[in-house]
Structures are given as structure tokens and as C-alpha cells.
Amino acid sequence: MKEEGKRKIWREYQKEIADDKYYYARSCIRQTFFPGSEAAFINILKKELNKDIFDSAQHTTCTGIAYHADVVPFETTMTVIARQFALMTEAGYENYVPSCITSFGLYTEVLETWKEFPEVEAKVREHLFKATKREFKKPANLAHASDVIFKHRHEITAKAKYKLINVKTGKPLRGVEHIGCHYAKMFPHKGVGGAEYPYVLAGMIQEWGGEVIDYPERRHCCGFGFRQYLVKANRGYSIACSKKKFEAMEPYKPDFILTNCPGCPMFFDRWQYAISEMEGKTYGENGQGIPVLTYEELAGLVLGYDPWILGLQVHQTPVEPLLDKMGIDYNPNAKFLGPNNEYLNKPIAPNFLKFY
Amino acid sequence: MGYYYDLLMKDVRFKEGMNACINCGTCTAICPAASFYNYDPRTIANTVQTRDDEKILELLKSETIWYCGECMSCTTRCPRSNKPGLLIIALRNLSQELGLFVESEKGRQQLAIKRTVGEWALNYGYCVVAEYVDTEMFPEQGPIWDWEKQNLPQIMEKLGANYKKPGPGALRNIPKESLEELKQIFEVTGAITRFEKIEKYSKLKAEEMKLEFGEGFNNEYFQHIYNTNQKNHYK
């Protein structure tokens, strides 16, 4: 399809994203595996963009992973979500911003279910009051945290220290964007660009100077599959899905993979390591992997944040090839230092994946 | 005729997910599970719409309903707005309600999921708890995760988390009052009853299979369901 045609379709799938006064809900997976990303998101919102963002101590998991692994009933998940909305209401906010895509999908699904089945909403309100004595208003605006960064991408460009340009060749860096399935596959109109041409990450890559790669398995799942990863006996499903994508993207020589779901970057990062250990296969140049980033990490790099404060040292697939291509000024010797510059020893090097 | 169909129709996800399936197979073409397992979402939709009790009962006891990854790719594509992924969720729920999940290798895994993410969500307020994730249960987490686990408080502090502390922030200790509210919600909305059912039917199955059944991970039944793969699930 011609670029002009794509842009027309994207225009039809623009969603409303609140400009300020956000209520933030953290992600179980992102906090555990990419805590630096959530810290970067709050820093970017508060310090770079001067926005009001509320970070509650009281909110919990939405139960999304347990729900999609089918051990928690829908009634429970809806009521936990209702409690999150109650906390937002009590804090005086109405723009709900989850960090997690599974959560975002579930919040969307729950709100749509309540629209279609008002008696279900009434029951949830009853359950919530019985369990917690809380009441809630529904959010005026629901946007994923990647939507918020997308909305403010031009302001980030205005403050950028680095671009997605190869400093040696002067050419745009080429990125694979991977949208979490639950961002727009269930409710295409709730995602920027819909399910067919999601633009939320592509827009960031293009805005910051890079080029987006189109490839055959672009919309295939990363392979989380909930129970398909959670139980060791099922994990062949998970690694096979990721491998299918790596094989499809490899010929296009991507410089990086960008993700908006908290699980996808963890799987792409770890499965590259696992495939290298199992088959000796790596997908980058010279034994390197393809660096996998969250959108917060990419925004942070563009803004000149220290890679080791963003948390890029906790990636199993090293990100140094991308840092070098972007010309980022970083200290390789500080990678394994703690908060007080104490040396934390070095992780064991993988057998095949190039280690820094 | 229609007994199990009527039970499924009590679930809003089933009502949402089931319109008339025209057997076009678009869902199967797009489905990641169908490219990996002996799995065909088209057949699932077609089977449930027959309302045939015998066939639906067979599904509720089958391996088949546990192959889906709930990615919902099928939802985007169906020309009749069916949602096979939602049908699967409804079938899995009913299979657990009726205690039929223990009749399949993949269904029996629900105990492992209940004892990990289910209990982590209830007891800690997080679906993932770093302390329980190790490279024995999750070898693909690799040496970087071993390094993180060895230095968790320092690394979390460096990365701006509020690890195991009160107040807002990543990986904070969820306040006791919030955990108590979560527990009340689980109680009032049926999650505790679901957990008890999973335990009860799993214990009975363990006795039938002559496997030691105990709490936590360190017992024969848990290890069996977590690790066993008969490898007859694939194309």
C-alpha cells in the first residue's frame, strides 16, 4: 500500500488521549523486569513534559495474568478493576493510564461489557461496596502509557539529545515495532492506528528519526499465551512464536525491536538468549542479538538518560550495539555498578550471545 | 440437548463471543496456537454452536480447550464478529466449575497456575513476584536474572523502584489494608471458591494417579503437572 493510503487509514483510527492529569497504574511484569522503564515514564511526564501524574501506593494487580490464565473469574477481575477506578476517583483524577497492555485490554473490555450489560456493572458496584465500601466513577479517558508518550512525541523531539540515526553512516536506524496483542486486536478503535496499522510505536520511531520495518510476521503474537508461558511444559509454544518472528525479521536487519506491552520485550529478550543456547543461533551481526526496548527506554535514550539508570543492563540480549549506532555517550564500566557505585560482580556470560 | 450450551450462555463472554459461525476458518488461519498445536478454533466455534451435549462435554474434558493463548488475534478477523478466544475462556471456566479440567494433561496444569500467579495476586497484590521466579522454574531468564536476584535491592534502588518499602513506586509492599480489600473481593466474587475447587479436584486426581499431593511446589503432583509434556499435542 502507498504511504498516502496508510496515512489515511491511520487518520481514521486516531483516539482521544488526555493531555494532562493522569492516574498511573503500574504493571506486574514491567515493575519486575523493567522497573527503570516505569521510573523513566514518570520522570519524562513530570520533569520533561511538566504533567501531573498520580502514582498510588494502594493500587494492586488488576489480576489480568491470572484472569487470562483462567484461574480468576471475570467477576473478580471486574471488581478489582472497579477498585482501581475507585482509587482514581478518590484521588480526584479521571484520566486512567495503565502501564500494562493486558490491563489496558481488560479495562477496555470491562468498560465495553458494562456498556452492553448494565446489569453486570450494577452487580460489580454491589460487589465492590460489599467488599471494600468503595464507589467509583468510570474514567473519562483511558489511554495506555505508550499512547501518552505517542501524544507527546513532538515535545520529546524538541528536547532530544540523540536521534535514531546511525552516527557512522548518517542513515536512519531501522526498527521493528511490536504491538502487544491486547492493545488493539480486541477493540481496534481503542488503539492509535487500529489493529491493522497500529501507529503508536511506528509514530515514535519515525518522529525520532528512525525507519519502520514492515515484515511478514509483524502482527504475530510474541508467544506469551499466558498459560503457555507460565507452565514449563507449555513453553515450546512461547519460544516457537518468538522464533517465528525473529526468523521473519532477520532478513531486514533490524537495529532494534520496540514494544509497548511489558511482557513482549521480556520474551523477545530472553528467547533470543534461549535460542542462542539451544541452537547457537543469534539474530544480529557478529554474534550479537537484536536489542529489545520498551518505549520508555527508547524515549529515555532519545532524551539522553543514562542507559544504566534506564535499566538496560538487566536485558539478557545486550543493547550496546544500538547505543553505539546512536552515538550515545555512556560508560561501559558502570554497567554493573550499584546505586552507590559499588561493583555488583558481573553476570555469567552466555555461551553464544555476545556479552559486554 | 442444550444443557451445557445453556450453562455457557450464562457467561457474558460466551454471549459476546458466539454469533453464527460460517466455518470460513479465518480464525484458524490467524491463530498462533493453531500453527503450533493440534488446534482449530473454527472447530471449537462450530462444535459449541451445535448445542450437542455430548460434543460439548467432550470439549470440556479435552486437551483442545487449553491450547489457546488468549492473544485474541481471532477477534479482529472474524467476519461474523465471533470471538473464539472468548468462547475458550467460557469453556475453561465451565470445565473448572464442573471439575472436568483434571481429565486432561493441559487442564490439570490449572493447579500450578493457581498456586503461582493466582496465589501471588491474592497474597502479594502482584501477578509476578520476583522472589519466586528462579532459573530452575524459568531457565530462559538466564544468567542476567541470576545476577539480578543476587543483587535485587541494590539494582531496584538504582532503577528507581521502591522495592519492598511502603509508599508508591515499583515493587513496593502493597499496604495491608489494600491486600485485605483484595482478599474480600476474591471472597465475594468467587475467586476463593474457584481456588478451592481447583485444589479439591486436583487432590482427587492425584489420588487416582497415585501421585503424592501436598502444598506448594515440592510434591509429586505439582512437579508432574508443571513439567510433564506427553508431546502428543502437536501437528
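Residues numbered from 1 in each chain as written. Chains lettered and ligands numbered in written order. Predicted model: local features only at pLDDT ≥ 70, side-chain atom pairs only at ≥ 80, totals over all residues.

Q: Help me understand the overall build of chain A, please; the structure alone is not making it clear to me.
A: On a plain count of helices and strands, chain A comes out with 17 helices and eight strands. Viewed in the frame of its principal axes, chain A has a C-alpha envelope of about 60 × 50 × 50 Å. Taken over 356 residues, chain A has a buried fraction of 57%. Partitioning the contacts of chain A with sequence separation of at least 6, the portion at a separation of at least 24 is 77%. (Helix = DSSP H or I, 4+ residues; strand = E, 2+ residues; numbered from the N terminus. Buried ≥ 20, exposed ≤ 12 C-beta atoms within 10 Å, placed from the backbone. Contact = placed C-beta atoms within 7 Å.)

Q: It is not clear to me how the domain arrangement of chain A should be interpreted in this structure. Could you clarify?
A: How big an interface is tends to be stated in terms of the accessible area lost upon association of its parts. All names here are of chain A. Structurally, chain A comprises domain 1 (16–145) and domain 2 (153–334). For domain 1 versus domain 2, the separation of C-alpha centres amounts to 25 Å. Across the boundary between the two partners, domain 1 contributes 26 residues, which contact 28 residues of domain 2. Of all the elements in the fold, those that place two or more residues in the side of domain 1 that touches domain 2 are α2 (28–33), α3 (35–48), α4 (64–68) and α6 (101–116). When its residues are assigned to classes, the side of domain 1 that touches domain 2 shows 13 nonpolar, nine polar and four charged. (Domains from an automatic or database assignment. Nonpolar A, V, L, I, M, F, W, Y, C, P; charged D, E, K, R; others polar.)

Q: What's the story with the sheet that holds strand β1 (residues 22–25) of chain A in this structure? I'm lost.
A: Sheets are built from strands that pair by backbone hydrogen bonding, the pairs being arranged parallel or antiparallel. Residues and elements named next belong to chain A. If you walk across this open sheet you meet the four strands as β2-β1-β3-β4, and the pairing is parallel. Edge positions in the sheet fall to β2 (53–55) and β4 (141–142), since each of these pairs with one other strand and no more. Where β1 and β2 come together, three bridges link them in parallel fashion. Within β2, the position partnered with Tyr24 by the bridge is Asp55. (Pairing = 2+ DSSP bridges.)

Q: Would you take a moment to explain the sheet that holds strand β6 (residues 211–212) of chain A for this structure?
A: Read from one edge to the other, the open sheet built from four strands follows the order β6-β5-β7-β8 (chain A), with strand pairing classed as parallel. Since the sheet does not close on itself, it has two edges, and those belong to β6 and β8 (292–294) of chain A, each with one partner.

Q: I keep staring at the domain arrangement of chain B and nothing clicks. Help me out?
A: Annotation of chain B at the domain level lists domain 1 (3–98) and domain 2 (110–227). Look at where the C-alpha atoms of domain 1 of chain B and domain 2 of chain B centre, and you get two points 28 Å apart.

Q: Explanation requested: the packing of helix α9 (residues 110–124) of chain B against helix α13 (residues 191–209) of chain B in the structure shown.
A: Packed helix pairs are specified by the crossing angle of their axes together with the interaxial distance, meaning the distance between the axes. Residues and elements named next belong to chain B. In contact at an axis separation of 9 Å, α9 and α13 are set at 140 degrees when each is read in the N-to-C sense. For the element pair α9 / α13, the angle class is oblique. Regarding α9 and α13, the two cross each other, and that crossing is left-handed. Side by side, α9 and α13 meet where Gln110, Leu111, Lys114 and Gly118 of the first sit next to Phe195, Ile198 and Ser202 of the second. (Axes fitted to C-alpha atoms, helices over the stretch in contact; angles between N-to-C directions. Parallel < 35°, antiparallel > 145°, perpendicular 65-115°, else oblique. Left-handed = near helix turned anticlockwise from the far one by under 90°.)

Q: Before we go on, may I ask you to explain the nonpolar core in this structure?
A: Within soluble globular proteins, side chains that are nonpolar tend to cluster in buried spots. Of all hydrophobic cores here, the largest spans 179 residues; its most connected members are Ala66(A), Ile81(A), Val97(A), Leu87(B), Val117(B) and Cys127(B). Looking at this core element by element, the count peaks at nine residues for helix α5 (residues 74–91) of chain A. Once residues within four sequence positions are removed from consideration, Val97(A) is found in contact with Tyr22(A), Tyr23(A), Tyr24(A), Ala25(A), Ala143(A), Ala145(A) and Val148(A). (Core = buried A, V, L, I, M, F, W, Y, C linked by C-beta atoms within 7 Å.)

Q: Whenever I open this one, the interface of chain A and chain B confuses me. Can you help?
A: Contacts between chain A and chain B engage 70 residues on the former and 72 residues on the latter. Ranked by the residues each element gives to the side of chain A that touches chain B, the list is headed by α5(A), at six residues. Class assignment of the residues belonging to the side of chain A that touches chain B gives a composition of 37 nonpolar, 22 polar and eleven charged.

Q: Teacher, can you tell me more about the packing of α5(A) against helix α7 (residues 118–132) of chain A here?
A: All names here are of chain A. Running from N to C, α5 and α7 cross one another at 70 degrees; their axes reach a closest spacing of 9 Å. Of the possible angle classes, the one that applies to α5 and α7 is roughly perpendicular. Only Val124, Arg125, His127, Leu128, Ala131 and Thr132 of α7 make contact with α5, whose side of the interface consists of Glu75, Met78, Thr79, Ala82, Arg83 and Ala86. Taken together, the residues of the contact of α5 with α7 break down into six nonpolar, three polar and three charged.

Q: Just to check I follow, could you spell out helix α5 (residues 53–60) of chain B for this structure?
A: The periodicity of an α-helix, 3.6 residues per turn, causes residues three or four positions apart to be oriented the same way. All names here are of chain B. For α5, the set of buried residues is Ile56, Leu59 and Leu60. Buried residues of α5, seen end-on, are gathered within an arc of 100 degrees and therefore sit on one face of the element. Residues of α5 that are buried sit in contact with α1 (3–9), α4 (41–49) and α7 (84–97). (Arc of directions from axis to C-beta.)

Q: What's the story with the pairing of strand β3 (residues 95–98) of chain A in this structure? I'm lost.
A: Each regular strand carries side chains that alternate between the two faces of the sheet. Residue and element names in this part refer to chain A. Covered by surrounding structure in β3 are Asn95 and Val97 together with Tyr96 and Pro98, the residues of both alternating faces. When β1 meets β3, the two strands line up parallel, connected through four bridges. For Tyr24, the partnering residue across the bridge sits in β3 and is Val97. Pairing of β3 with β4, which is carried by two bridges, proceeds in the parallel orientation. Looking across to β4, one finds that Asn95 is bridged to Asn141.

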